[in-house]
Amino acid sequence: SSIGINSSNRNDSEYNAFLAPFTYPSSNDTYLTDSSSSRTFQNNNTTNHHDDLLDFGFTRPDFRPGQLAGTVDFYRRHVFLCYKSPAAWPPRIEAWEFDRLPRLLHAAVVSGKGRMKKETLLTICEGHDGTETSNGDMLIFPDMVRYRRLTHFDVETFVEEVLVNDGEWRPGNPEALLGSYVFVCSHGSRDRRCGACGPVLVSRFREETEVLGLQGKVFVSPCSHIGRHKCAGNVIIFGSSINGEATGHWYGYVTPEDVPSLLQQHIIKGEILDSLWRGQMGLTAEEQKKSQEQRIHQNCVRNFEENTEEFIDTNNHSTGTVAFESPESTAISCQENGYSSCHQDNHVSFRKTKIPGAIEPEAKLSADDEFSENVPSRISKGKAKLHKLCSIPTWLDYWEQEDTYAALAVVCAAVSVVVAYRCYKQS
């Protein structure tokens, strides 16, 4: 139930799917069904519902086939009409037979698209009178404003003044939206994958919001079709937690197990979960890919620094609690998800390991000099491989010579402890 504005020059079938259901069905929407046969997830037949979850839910054969970044088409404004529940939504909003508001709003948006300055998406979200989102409420992002109780009599004026002229709707009083807004595609009459995954995710988001005490700060709502059914569960998060800017981030292939991570990492910490990230409002597909690549490289360097600093700090303050591992045996994760050109092979890694029966510092004097002399070359080899794979200068490149010698001395001392202890055990 989304429509793209000022994008008439795009004719590919994937983009048509992104605009649907205000356009004709895309040939890629292999699970599209008519309204009479696609509401299996909404009825009370437990067996059929279970079958839908297996065939179209989180265990379906086509779930998570590859990288997601760059799968959001460019747009700059997202408008949501709060109206009824997913069970009442027809496959296509323009075909809403008895409800004039969504049908007339769609028509007015299509009519005014050539005069709009911002590429705009129109989507339906859940609305219930007497709640936070009543029927007829309009939510606009990234403006982060709400207009209350739009009626079919107000449609033309609203579209002209707000969406075409970028002004305010005179009869209305815009309210600032505070906090974060989570929208989950649950349009089962449009696509069975969304119908199977969406309601489950909405429930889990609401449960975890209560567990984390985020009531009144995070608002969760099912929404109509937003494109790319094959990526269900599809989630969009709007808010100002990322770099202090109000924007929308899209996630795909989200499962109930991912919900706590999205709340903790994206909303609370303000960090993007790259393994599920599809893209961002306001960026082209190429810009989305480049944005993710930059984050991956930054995470690669940061993880290397943190692990190395932890190794050195532990050596300076404790005895016999650290083991050095060669580049061939371990790796530092360049990012948490694996969607990266910065591979995880053959990096230098320092891992905290408890050595049983660690000996006292005096034992460092009995180190194997030949083994110790190999440590600097191993560090150099690991450093070279990290630089080659990640293509980013690490913190080692900027060390002063004295700091390098000091660090190597610490490493040699640690290795000496290990060698001495092994000699002691063998004797």
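Fair warning: this is a prediction, and the values are worked out from it, not measured in the lab.

Asks: I'm lost on the overall build of the protein chain in this one. Help?
Replies: For the protein chain, the count of helices and strands is nine helices and 13 strands. In the structure as shown, the protein chain presents an accessible area of about 20100 Å², 48% of it carried by carbon and sulfur atoms.

Asks: Before we go on, may I ask you to explain the nonpolar core in this structure?
Replies: Within soluble globular proteins, side chains that are nonpolar tend to cluster in buried spots. Core analysis: the largest hydrophobic core is formed by 48 residues, its most contacted members being F141, V182, F183, F205, V235, F238 and Y251. Not counting chain neighbours up to four residues away, the residues in contact with F183 comprise F80, C125, L139, F141, S221, C223, N234, V235, I236 and F238.

Asks: Looking at this model, I keep getting lost on the environment of G227. Mind explaining?
Replies: Looking at the secondary structure, you find G227 in the loop between β8 (218-223) and β9 (235-239). Accessibility expressed as a relative area gives 1% for G227, which makes it buried.

Asks: Looking at this structure, I do not really get the state of the cysteines. What am I missing?
Replies: Two cysteines joined by a covalent bond between their sulfur atoms form a disulfide. One pass over the structure, following the stated rule, counts zero disulfides. Residue C125 stays outside any disulfide, its sulfur separated by 3.3 Å from that of C82, the closest cysteine.

Asks: Teacher, can you tell me more about unusual backbone geometry here?
Replies: Trans is the prevailing form of peptide bonds, just as negative phi is the prevailing case for residues other than glycine. The step from F141 to P142 runs through a cis peptide bond, and the omega angle for that step is 10°. Note on placement: P142 falls in the loop between β4 (138-141) and β5 (145-147). Of the consecutive residues A232 and G233, the connecting peptide bond is found in the cis state with omega at 0°. With respect to the helices, strands and loops of the structure, G233 is situated in the loop between β8 and β9. Phi angles above zero are rare outside glycine, and K84 is one such case at about 55°. Looking at the secondary structure, you find K84 in the loop between β2 (77-82) and α3 (100-112). With a phi close to 60°, R228 is a non-glycine residue in the positive phi region.

Asks: Is there a simple way to think about the packing of aromatic side chains in this case?
Replies: How two aromatic rings sit relative to each other is given by the distance of their centres and the angle of their planes. One pass over the full model with this rule turns up 15 aromatic pairs. Centre to centre, the rings of F141 and Y181 are 5.8 Å apart; their planes meet at 55°, and the pair counts as tilted. With F141 in strand β4 and Y181 in strand β7 (residues 180-185), this residue pair connects regions lying 40 residues apart in the sequence. Between the aromatic rings of Y147 and F158, the centroid separation amounts to 5.6 Å while the plane-to-plane angle is 80°, which identifies the pairing as edge-to-face. Separated by 11 residues along the polypeptide, Y147 in strand β5 and F158 in helix α4 (residues 155-164) bring together distant segments of the chain.

Reading the values: the criteria
Residues numbered from 1 in each chain as written. Predicted model: local features only at pLDDT ≥ 70, side-chain atom pairs only at ≥ 80, totals over all residues. Heavy atoms only, no water. Helix = DSSP H or I, 4+ residues; strand = E, 2+ residues; numbered from the N terminus. Areas by Shrake-Rupley, 256 points an atom, 1.4 Å probe, with all protein chains shown as cover. Core = buried A, V, L, I, M, F, W, Y, C linked by side-chain atoms within 4.5 Å. Buried < 20%, exposed > 50% of the residue type's maximum accessible area, 1.4 Å probe, protein only. Contact = heavy atoms within 4.5 Å. Disulfide = S-S within 2.5 Å. Phe/Tyr/Trp six-rings, centres within 6.5 Å; stacked < 30°, edge-to-face > 60°.

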